[in-house]
Amino acid sequence: MAFKTLLTVITDADLVDPTIAAAADLASAMDAHLDVLCLGVDRTQTGYYYAGANAMVLQETLSRASAEGESLAAAARKALGRTDVRWAVDHGVAQLADLGRIVAARARFSDLAVLPKPYGEGCGIELEPVLEGALFDGQVPVIVNPGSGVTLTAAPKRIALAWNESSEALRAVRYAMPLLKQADTVHVVVIDPPQHGPNRSDPGGILSQYLARHGVKPEIDVLSKTMPRVSDVLLRHCADVEADLVVMGAYGHSRFREAILGGATRSMLEQTALPVFMAH
């Protein structure tokens, strides 16, 4: 599979330049077309008309969101005009409750979404449903750009592949295969493998055989969970091996559980300073 159509979604004026720069660099390196969806988000409504609401107030908030979408699109076109990639920009309005559906409708016809980090200081409330819309209903893999001057590359040299034998992790492997094949080394990271599982004597072995037959150069790293969270162990190992990219399955548990109790996906996206390639 080749990445021929990339999608990025912009909902915040402060993220226009870094998001466009990262997505355009990746599109240029992949010789792909870049679609940019700029959305003015009505953050004041849940998506339903509620009793006692003033129709003029509702219209005002939608008009404000519409103007924001047009402004974001103009800024995106200006930024893309400085690049050499093939691109298209569209804009619209979305209520917060409907944001995921709108993103998913576009993401379904893309090969890869390039999105900003959804969690952490300064991240707007709308970034999470944008990510989830692409991953779940859009069914497209996502590269999450952590920002902070990180450069996305179409040919990472060292990749850390988080492997827990889940369907989500395997799907991420298959989607990421073009990147894995170009890497000098792919570290298959297995943290606390099951003691009584069918692969207990050779954790990661079957996956490594599968990867090797595709021309990938895998190395198996079996680690103990010596820190409170799996994401802590994974990020420390990424630093040890100087990884350029993390590949992992997303949301092995329900989104509700991860939101309330936490989980590897949410923790990883909150902490990472590396690009993360994920699929559900």
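Starting afresh in each chain, residues are numbered from 1 along the sequence in its written order. Thresholds applied to this predicted model are a pLDDT of at least 70 for local features of residues and 80 or more for the giving and counting of side-chain atom pairs; totals over whole chains, interfaces and linings are not thresholded and use all residues. With hydrogens and water stripped out, all remaining heavy atoms of the structure feed into the side-chain values.

Asks: Is there a simple way to explain the nonpolar core in this structure?
Replies: Where a protein is soluble and globular, its nonpolar side chains tend to be buried together. Within the largest apolar cluster, 48 residues are counted, with the highest numbers of intra-cluster contacts made by L6 and L180. A total of 8 residues in this core trace back to one element, the largest contributor, which is helix α1 (residues 16-30). Between two residues, a contact is recorded if the distance between any of their heavy atoms is within 4.5 Å. Residues in contact with L180, not counting those within four places in the same chain, are I159, L161, V173, V186, L211, V216 and V247. Core analysis: the second largest hydrophobic core is formed by 41 residues, V130, V140, M268 and L274 among them. We call a set of buried Ala, Val, Leu, Ile, Met, Phe, Trp, Tyr and Cys residues a nonpolar core when their side-chain atoms join them within 4.5 Å. The rule is simple: take the accessible area with a 1.4 Å probe, protein chains only, and divide by the maximum for that residue type; under 20% is buried, over 50% is exposed, in between is partly exposed. A run of DSSP states H or I qualifies as a helix once it reaches four residues; a run of E qualifies as a strand once it reaches two. Both are numbered from the N-terminal end.

Asks: Any chance you could explain the pairing of strand β4 (residues 112-116) here in plain terms?
Replies: Regular strands place their side chains on alternate faces of the sheet. In terms of burial, β4 is a largely internal element, 5 of the 5 residues being buried. In β4, alternate side chains face the same way, and those of L112, V114 and P116 on one face and A113 and L115 on the other are all buried. At least two DSSP bridges between two strands are needed for those strands to be called paired. One ladder, built from 2 bridges, connects strand β1 (residues 5-10) with β4; its direction is parallel. Each residue of the ladder has a partner; that of L7, found in β4, is A113. Looking at chain direction, β4 and strand β5 (residues 142-145) are connected through 4 bridges and run parallel. Looking at β5, one finds that A113 is bridged to V142.

Asks: Any chance you could explain the sheet that holds β1 here in plain terms?
Replies: The pairing of strands in a sheet comes from backbone hydrogen bonds and takes either a parallel or an antiparallel form. Pairing is mixed in the open sheet, where 10 strands are placed in the order β3-β2-β1-β4-β5-β10-β9-β6-β7-β8. Both edges of this open sheet fall to β3 (86-95) and β8 (218-223), since each of them pairs with a single strand only. Mean inter-strand twist for the sheet, computed between neighbouring axes without regard to direction, equals 25°. The axes used here are C-alpha line fits, helices contributing only the stretch in contact, and every angle between their N-to-C directions lies in the interval 0 to 180 degrees. In the packing of helix α7 (residues 205-212) onto the sheet, contacts are made with β6 (158-162), β7 (185-191) and β8, and the angle to β8 comes to roughly 160°. Strands β6, β7, β8 and β9 (245-249) of the sheet are contacted by helix α8 (residues 230-241), whose axis makes an angle of about 150° with β7.

Asks: Even after reading the chapter, I still don't get the packing of aromatic side chains, so can you show me in this structure?
Replies: To describe a pair of aromatic rings, you give the distance between the ring centres and the angle between the ring planes. Here is the rule: rings of Phe, Tyr and Trp (six-membered ring for Trp) pair when centre to centre is within 6.5 Å. Planes less than 30 degrees apart are stacked, more than 60 are edge-to-face, and the remainder are tilted. Overall, the coordinates contain 2 aromatic pairs when judged by the stated rule. A ring pair is formed by F136 and Y251, whose centres lie 5.5 Å apart and whose planes are at 50°; its orientation type is tilted. Highlighted residues: F136 in helix α4 (residues 127-137) and Y251 in the loop between β9 and α9 (255-261), separated in sequence by 115 residues.

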